[in-house]
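Structural features, examined
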Amino acid sequence: KEKVEITKEQKALTKVIVEAYNRHQIPQDVAKKLLQDQYSVEENFLLLTEMATSQVQVIVEFTKSIPGFLSLDHEDQIALLKGSAVEAMFLRSAQVFSKKMPNGHNGILEERIRKSGISEEFITPMFNFYKSIIGLHMSLEEQALLTAITILTPDRPYVKDHQAVEKLQEPMLDVLRKVCVLQHPQEPQYFARLLGRLTELRTLTHYHAEMLTSWRMNDHKFTPLLCEIWDVQ
Ligand SMILES: Cc1ccccc1NC(=O)[C@H](C1CCCCC1)n1c(-c2ccc(Cl)cc2)nc2cc(F)c(F)cc21
């Protein structure tokens with residue numbers, strides 16, 4: 001049985017990523033808000049665009065803390081952020097949804113999201129993804145490292161220097177693999193399952209523009225930043 005050792009450097013890298021990840025303040029607010037009041041489809045849509053806009057800003061700050069990211073070609077930095085923003089938002093939403101809440105609150109939250117204005121056809125794939133994330137019982141380190149790995153995906157559109165991105169993503173994958181082995185010793189395939197979720201995430205983000213434009217209301221308004229990041233308007 002191979003003895004898995006996390007090196008000093010890997011511990012330091014994980015610490016940097018988890019600390020940067022913990023600066024994600026906003027998502028808890030959205031769950032609290034949704035539990036506090038029932039909103040109209042228009043209010044929910046506005047809440048979503050506000051949450052998504054601030055989430056993009058949070059993700060930019062998180063990504064800038066990833067060691068080496070700021071030394072990448074500037075256009076590649078933009079291509080990586082643009083290419084991963086929607087995935088990061090759904091991953092974040094899933095992590096918010098997977099938070100254990102007082103009895104019954106998770107049921108209320110699910111109900112509120114189901115009735116928020118999302119078109120029927122997207123509700124099942126979205127919750128299937130969320131429930132597959134819940135089933136993994138991810139630790140904070142795994143969530144933070146998985147988010148960094150998602151952002152540092154070399155094969156995003158318009159990325160010129162794939163090699164440079166791979167060189168940043170590889171150490172994250174190495175330490176995530178070790179963290180998975182150490183935190184889930186009974187599940188040798190846990191790391192593979194975790195990465196498998198990223199494939200499911202990409203299919204979900206496939207529909208994101210339609211999920212927004214088909215929100216059950218007329219006249220969908222988006223912030224300029226969201227028009228940039230989402231393929232809408
Ligand atoms: C955007 C953002 C950033 C950071 C953290 C969370 C969010 N997400 C949101 O604000 C929206 C709200 C928004 C208000 C209506 C209900 C869903 N949201 C979505 C979602 C649904 C559909 C699409 Cl197209 C996108 C996201 N899934 C959620 C799961 C949760 F457990 C939760 F608490 C909020 C969730």
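Because the structure is a prediction, the values reported are computed rather than measured.

1. Some details on the site of the ligand
Near the ligand lie 23 residues; those nearest to it are Val30, Met51, Ser93, Phe97 and Tyr130. With respect to the ligand, the side chain of Tyr130 contributes an N or O atom lying 2.6 Å from a nitrogen atom. Taken by itself the ligand offers 680 Å² of open surface, and the protein chains cover 100% of this. Of all the secondary structure elements, the ones that give two or more residues to the shell around the ligand are helix H2 (26-36), helix H3 (41-64), helix H4 (74-97), helix H5 (105-114) and helix H6 (120-134).

2. Re the nonpolar core
Among the nonpolar cores identified, the biggest contains 77 residues, and Ile17, Phe90, Met126, Met172 and Trp230 are the most heavily contacted of them. Excluding anything up to four places from it in sequence, Trp230 contacts Leu48, Ala52, Val86, Met89, His208, Leu212 and Phe222.

3. Quick look at unusual backbone geometry
Phi angles above zero are rare outside glycine, and Asp219 is one such case at about 55°. Its location among the elements puts Asp219 in the loop between helix H10 (208-213) and helix H11 (224-229). We note that Gln233 has phi near 60°; this positive angle belongs to a residue other than glycine. The residue Gln233 is located in the segment after H11 in this model.

4. Some thoughts on helix H1 (residues 8-21)
Taking 1.5 Å of rise per residue, 14 residues should cover 20 Å, and H1 covers 20 Å from first to last C-alpha, within 8% of that figure. Of all the positions in H1, only Gln10, Leu13, Thr14, Ile17, Val18, Ala20 and Tyr21 are classed as buried. Here the buried residues of H1 occupy an arc of 160° about the axis, which is enough to place them on one side. The exposed set on the far side of H1, more than 90 degrees from its buried face, consists of Lys8, Lys11 and Lys15. Taken together, the buried residues of H1 touch H3, H4, helix H7 (140-151) and helix H8 (162-183).

5. Regarding H4
Taking 1.5 Å of rise per residue, the 24 residues of H4 would be expected to cover 34 Å, and the 34 Å separating its terminal C-alpha atoms lies within 8% of that figure. Roughly 45° is the biggest bend found in H4, and it falls at Ser84. Within H4, 18 of the 24 residues are buried, leaving the element largely enclosed by the surrounding structure.

6. Quick look at the packing of aromatic side chains
The tally for this structure, following the rule as stated, stands at 8 aromatic pairs. Centre to centre, the rings of Tyr21 and Phe62 are 6.0 Å apart; their planes meet at 75°, and the pair counts as edge-to-face. Taken together, the residues Tyr21 in helix H1 and Phe62 in helix H3 connect sequence positions 41 residues apart. Considered together, Tyr21 and Phe62 belong to a single accessibility category, that of buried residues.

7. Re the environment of Lys221
With respect to the helices and strands, the residue Lys221 is situated in the loop between H10 and H11. Among the residues examined, Lys221 registers a relative accessible area of 58% and is labelled exposed. Note: C-alpha distance between Lys221 and Ser65 (156 residues apart in sequence) is 31 Å. Aside from chain neighbours lying at most four places away, what touches Lys221 is Phe45 and Thr49. In this structure the side chain of Lys221 is engaged in a polar contact, spanning 2.7 Å, whose partner is the side chain of Asp219.

8. Observations regarding the packing of H7 against H8
H8 packs onto H7 with a crossing angle of 155° between their chain directions and a minimal axis gap of 10 Å. Taken together, the axis directions place H7 and H8 in an arrangement best described as roughly antiparallel. The way H7 lies across H8 gives a crossing that is left-handed. For the pair H7 and H8, contact is made by Glu141, Glu142, Leu145, Leu146, Ala148 and Ile149 and by Gln169, Met172, Leu173, Val175, Leu176, Val179, Cys180 and Gln183, respectively. The residue makeup of the contact of H7 with H8, split by class, is 10 nonpolar, 2 polar and 2 charged.

9. Concerning the packing of H7 against helix H9 (residues 190-206)
Put simply, H7 and H9 touch, their axes get as near as 11 Å, and they point 50° apart. Of the possible angle classes, the one that applies to H7 and H9 is oblique. Between H7 and H9 lies a crossing whose hand is right-handed. Counting all contacts with H7, which are made through Glu142, Leu146, Ile149 and Thr150, the residues of H9 involved are Tyr190, Leu194, Leu195, Leu198 and Leu201.

Reading the values: the criteria
Residues numbered from 1 in each chain as written. Predicted model: local features only at pLDDT ≥ 70, side-chain atom pairs only at ≥ 80, totals over all residues. Heavy atoms only, no water. Near = heavy atom within 4 Å. Polar contact = N/O pair within 3.5 Å; in protein donor to acceptor, adjacent residues only side chain to side chain. Areas by Shrake-Rupley, 256 points an atom, 1.4 Å probe, with all protein chains shown as cover. Helix = DSSP H or I, 4+ residues; strand = E, 2+ residues; numbered from the N terminus. Core = buried A, V, L, I, M, F, W, Y, C linked by side-chain atoms within 4.5 Å. Buried < 20%, exposed > 50% of the residue type's maximum accessible area, 1.4 Å probe, protein only. Contact = heavy atoms within 4.5 Å. Expected span 1.5 Å × (residues − 1). Arc of directions from axis to C-beta. Bend = angle between axes of the 7 residues up to and from the residue. Phe/Tyr/Trp six-rings, centres within 6.5 Å; stacked < 30°, edge-to-face > 60°. Axes fitted to C-alpha atoms, helices over the stretch in contact; angles between N-to-C directions. Parallel < 35°, antiparallel > 145°, perpendicular 65-115°, else oblique. Left-handed = near helix turned anticlockwise from the far one by under 90°. Nonpolar A, V, L, I, M, F, W, Y, C, P; charged D, E, K, R; others polar.

None of this, on its own, says anything about what the molecule does.
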